[in-house]
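# Working through the structure, step by step
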Amino acid sequence: MNIIKPPQALEVTSPSIFLAGSIELDKAEFWQDRVCEALADSQVTILNPRRDSWDASWPQVMSFAPFREQVEWELEALELADMILLYFDPATKSPISLLELGLHARSKKMAVCCPAGFWRKGNVDIVCARYGVLQVETLADLVNWVREQLK
């Protein structure tokens, strides 16, 4: 397994998986680590947007180069990925994750885990139903979906 995080160059080999979903300035659990551990024996490239050097004091404006670099890295990685795993942590609001769902619901390469308790679960459920996005109950189910796709 190869793990690429920002600001590393996106030298992506297939199959590749983007870990979309809750981060929210580290309010979310470190679910990306759990997925990486579960797929450690797989020949995949993981695109993990959880930047090790993130600084929460950065202004979130287009003119601030490190912030813009992060957002552009994520947008490019989402487009390049063969699969997108999207997880909504119920302890977060995850506005960027909702944006990612909207941008890629029609891509046919996404699976979503939105547990009960997420504040906009109804919206997520309706978007997924309308656009045929697979929804699963747990992170383990997301990993199992990846394993099925790799067969």
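All of these numbers come straight from a predicted model, not from anything done at the bench.

## So, the nonpolar core
Ranked by size, the top nonpolar core spans 21 residues in total, and within it Phe18, Leu47, Phe88, Leu101, Val112 and Val124 carry the most contacts. Elements supplying a minimum of two residues to this core: β2 (16-21), α2 (65-80), β4 (83-87), β5 (110-113) and α4 (121-131). Considering every element that reaches this core, the biggest residue donor is α2, with three residues. Once residues lying within four places of it in the same chain are set aside, the contact partners of Phe88 are Ser22, Ser94, Ser97, Leu98, Leu101, Val112, Cys113, Cys114, Pro115, Phe118 and Val124. Counting residues in each nonpolar core, the second largest holds 19 residues, with Val35, Cys36, Ile46 and Leu139 among its members.

## As for the packing of aromatic side chains
Counted by the stated rule, this structure contains five aromatic pairs. On the numbers, 6.0 Å between centres and 55 degrees between planes, the contact of Trp58 with Phe64 is tilted. By relative accessible area, Trp58 is classed as buried at 15%. Among the aromatic residues, those joined into a ring-pair cluster are Trp54, Trp58 and Phe64. Residue placement shows Arg50 over the ring face of Phe30; its charged tip is 3.9 Å from the ring centre. Note that Lys93 overlies the ring of Trp119, its terminal NZ or CZ placed 4.3 Å from the centroid.

## What to know about the pairing of β5
Here β5 shows no split at all, with Met110 and Val112 on one side and Ala111 and Cys113 on the other all buried. Since β4 and β5 lie parallel, the crossover through helix α3 (residues 95-104) that links them has a hand, and here it is right-handed. Alignment of β5 against strand β6 (residues 134-136), held across three bridges, turns out to be parallel. If you follow Val112 over to β6, its bridge partner there is Gln135. Read from β5 through α4 to β6, the crossover connection turns out right-handed.

## Side note on the packing of α2 against α3
Orientation of α2 relative to α3, taken along the N-to-C sense of each, is 40 degrees, at an axis distance of 12 Å. Classified by the angle their axes make, α2 and α3 are oblique. Handedness of the crossing formed by α2 with α3: right-handed. Contacts between α2 and α3 involve Glu74, Leu75, Leu78 and Glu79 from the former and Ile96, Glu100, Leu103 and His104 from the latter. Taken together, the residues that form the contact of α2 with α3 break down as four nonpolar, one polar and three charged.

## A short note on α2
In this model α2 runs 22 Å from its N-terminal to its C-terminal C-alpha over 16 residues, within 8% of the 22 Å that 1.5 Å per residue would give. For α2, every residue scored as buried is listed here: Phe67, Gln70, Trp73, Glu74, Ala77 and Leu78. Seen from one end, α2 has its buried residues packed into an arc of 125 degrees, which puts them on one side. Structural note: α2 exposes Ala65 and Glu79 on the side pointing more than 90 degrees away from its buried face. Looking at the buried residues of α2, the elements they touch are β1 (2-4), β2, β3 (45-47), β4 and α3.

## Quick word on the pattern of salt bridges
Counted according to the given criterion, the structure contains seven salt bridges. Among the ionic pairs, Arg34 bridges to Glu29, the shortest N-O distance being 2.5 Å. Given a relative accessible area of 44%, Arg34 falls into the partly exposed group. A salt bridge links Asp125 to Lys121; its shortest N-O distance comes to 3.1 Å. With Asp125 and Lys121 both in helix α4 and four residues apart, the pair spans about one turn of that helix. Residue Asp125 is classed as partly exposed on the basis of its relative accessible area, which comes to 26%. In this structure Lys121 comes out as partly exposed when scored by relative accessible area, which is 24%.

Calculation criteria
- Residues numbered from 1 in each chain as written.
- Predicted model: local features only at pLDDT ≥ 70, side-chain atom pairs only at ≥ 80, totals over all residues.
- Heavy atoms only, no water.
- Core = buried A, V, L, I, M, F, W, Y, C linked by side-chain atoms within 4.5 Å.
- Buried < 20%, exposed > 50% of the residue type's maximum accessible area, 1.4 Å probe, protein only.
- Helix = DSSP H or I, 4+ residues; strand = E, 2+ residues; numbered from the N terminus.
- Contact = heavy atoms within 4.5 Å.
- Phe/Tyr/Trp six-rings, centres within 6.5 Å; stacked < 30°, edge-to-face > 60°.
- Lys NZ or Arg CZ within 6 Å of the ring centre and 35° of its normal.
- Right-handed = clockwise from strand over helix to strand, strands pointing away.
- Pairing = 2+ DSSP bridges.
- Axes fitted to C-alpha atoms, helices over the stretch in contact; angles between N-to-C directions.
- Parallel < 35°, antiparallel > 145°, perpendicular 65-115°, else oblique.
- Left-handed = near helix turned anticlockwise from the far one by under 90°.
- Nonpolar A, V, L, I, M, F, W, Y, C, P; charged D, E, K, R; others polar.
- Expected span 1.5 Å × (residues − 1).
- Arc of directions from axis to C-beta.
- Salt bridge = Lys/Arg side-chain N within 4 Å of Asp/Glu carboxyl O.

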